[in-house]
Amino acid sequence: MENAEANANVVAERLRGWNPRAVESAGEAHGETTIVVPRELLRGAAERLREDSELQFNLLSDITCVDRFPVEPRFELNYHLTSIPRGAKIRLRVRVPGDNPAADSVTGVWPGANWMEREIFDLFGVRFNGHPDLRRILLPDDWEGHPLRKDFPVEGFR
């Protein structure tokens, strides 16, 4: 496995070579690499990370969401990626504002994102543009709200 700091530099430079605005920040903490990309470049950056012969991030193992309420941008989407051929891992992070909680779907890049995006939509209310079947996956269709948001009432709506 590569040194995390070297991995962060390689990934950031390859993304910047594709688009100079593609990396808002890149860093390493506790042996983990995080690359922050602008929301509008998520889909393109994901395609680049998978297709670039020097990167080959061919496995999306998880997508997580963090509600940072009352901080803006309110949501963080964290994509946990692995390059099986290189033995490297990164976290791709995208910040999403609370007044327009939406990002492009990456199901066309990593088909396994399908149910993970649906879960985030269901529990946090973040929409994924271009998702092939964006609907609730855990809660009933008539459920009101998104229970993992920090401003969701602890005892539910009454």
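A short tour of the structure in this document, coming up. In this text, all values refer to a predicted model and were calculated from it rather than measured experimentally.

### Quick notes on the sheet that holds strand β2 (residues 32-36)
Okay, so step 1: With respect to topology, five strands assemble into an open sheet ordered β1-β2-β5-β4-β3, the strand pairing being mixed. Edge positions in the open sheet fall to β1 (25-29) and β3 (59-67), since each of these has one partner strand only. Neighbour to neighbour, the strand axes of the sheet diverge by 20° on average, direction disregarded.
Okay, so step 2: Bridge analysis of β1 against β2 gives five bridges, and the strand direction is antiparallel. What sits directly across from Ala29, in β2, is Glu32.
Okay, so step 3: The strands touched by helix α3 (residues 113-124) are β3 and β4 (75-83); relative to β3, the strand with the most contacts, the crossing angle is about 10°.

### Re the pairing of β2
Okay, so step 1: Of all five residues that make up β2, four are buried, and the element is covered over most of its length.
Okay, so step 2: With three bridges joining them, β2 and strand β5 (residues 88-96) adopt parallel strand pairing. Looking across to β5, one finds that Thr34 is bridged to Arg91.

### Regarding helix α2 (residues 42-51)
Okay, so step 1: Taken residue by residue, α2 has Leu42, Ala45, Ala46 and Leu49 as its buried positions. Down the axis of α2, the sector holding all buried residues measures 100°, keeping them to one side.

Conventions and cut-offs
Residues numbered from 1 in each chain as written. Predicted model: local features only at pLDDT ≥ 70, side-chain atom pairs only at ≥ 80, totals over all residues. Heavy atoms only, no water. Pairing = 2+ DSSP bridges. Helix = DSSP H or I, 4+ residues; strand = E, 2+ residues; numbered from the N terminus. Axes fitted to C-alpha atoms, helices over the stretch in contact; angles between N-to-C directions. Contact = heavy atoms within 4.5 Å. Buried < 20%, exposed > 50% of the residue type's maximum accessible area, 1.4 Å probe, protein only. Arc of directions from axis to C-beta.

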